[in-house]
Amino acid sequence: MKNLEENFKLAKKQDRRGQKALYEMFSAKMLAISNSYVNNLHDAEDILMNSFFICFSKIDECREWKSFQFWLRKIVVNNSINFIRKNKNILYTDVEINAIGNVEEDWEEIEEINMEEIFSKMPDGYRLIFNLYVFEEKKHHEIAEILNISEGTSKSQLSKSKKWIADFLKQKKDEQQYAK
């Protein structure tokens, strides 16, 4: 982590070598995060570049090198969400959560899960709520505020995303058993 500290200090002085080093350290991970939201590599690359531009132009707002990665991640996630808001019409619907049932028990039998494949096929609204709740550890009231939806919609979309994943994995399992 010594390199991170040195490069962070250089980047704060607007040194291009420090900025490049930070970009090389974090670009692949941040691209994966953005792509998990927008599900389009070209859009994720644009978001990544914009995020690093914002990062380096506002790097003085990040006080410590130890928090740089988390601060950058927040920029990437926010830019990804803003991109989705501007470019995709996502319809959220409220449903009774009890009507969906308990899908967690269906996951117990799954041995190998390809998250990249799941996220590439998951509907946008489900993926967005799932990412915010699971990976960004946002509470439903925070998600509702970010996306300008009700808290109940956030809860139902999370439940529906879990059910969607369980159904997807069940279908994959059935396909594998049928192929044998």
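Model, not experiment: these values are computed from the prediction.

### Thoughts on the overall build of the protein
A count of helices and strands for the protein gives 9 helices and 0 strands. Starting at the N terminus and walking to the C terminus, you meet the elements of the protein as α-α-α-α-α-α-α-α-α. Per-residue burial for the protein yields a buried fraction of 39% across its 180 residues. Counting only contacts in the protein whose residues sit at least 6 apart along the sequence, the fraction spanning at least 24 positions is 71%. By element, 48% of the accessible surface of the protein is carried by carbon and sulfur atoms, the whole surface being about 11400 Å².

### Description of the nonpolar core
Judged by nonpolar contacts, the single largest core of 43 residues is most densely connected at Tyr-37 and Phe-68. Counting only elements with at least two residues in this core, the list comes to α1 (2-12), α2 (16-38), α3 (41-57), α4 (68-87), α6 (115-121), α7 (124-135), α8 (140-147) and α9 (151-179). In terms of residue count, α4 provides more of this core than any other element does, 9 residues in total. With near-sequence residues (within four places) excluded, Phe-68 lies in contact with Leu-4, Phe-8, Leu-22, Phe-26, Cys-55, Ile-59 and Cys-62.

### So, the side chain of Ser-27
With respect to the helices and strands, the residue Ser-27 is situated in helix α2. Exposure remark for Ser-27: the relative accessible area of 14% places this residue in the buried category. Once residues within four sequence positions are removed from consideration, Ser-27 is found in contact with Leu-48 and Phe-52.

### Quick notes on unusual backbone geometry
The phi torsion at Asn-39 lies on the positive side, around 60 degrees, for a residue other than glycine. Among the structural elements, Asn-39 can be located in the loop between α2 and α3. For Asn-39, a relative accessible area of 30% translates into the label partly exposed. Of note, Glu-137 is a non-glycine position whose phi angle comes to about 55 degrees, a positive value.

### Some details on the pattern of salt bridges
Applying the stated criterion to the full structure yields 10 salt bridges. The closest approach of N and O atoms between Glu-136 and Arg-73, which form a salt bridge, is 2.8 Å. Remark: Arg-73 occurs in helix α4 and Glu-136 occurs in the loop between α7 and α8; sequence separation between them is 63 residues.

What counts and how
- Residues numbered from 1 in each chain as written.
- Predicted model: local features only at pLDDT ≥ 70, side-chain atom pairs only at ≥ 80, totals over all residues.
- Heavy atoms only, no water.
- Helix = DSSP H or I, 4+ residues; strand = E, 2+ residues; numbered from the N terminus.
- Buried < 20%, exposed > 50% of the residue type's maximum accessible area, 1.4 Å probe, protein only.
- Contact = heavy atoms within 4.5 Å.
- Areas by Shrake-Rupley, 256 points an atom, 1.4 Å probe, with all protein chains shown as cover.
- Core = buried A, V, L, I, M, F, W, Y, C linked by side-chain atoms within 4.5 Å.
- Salt bridge = Lys/Arg side-chain N within 4 Å of Asp/Glu carboxyl O.

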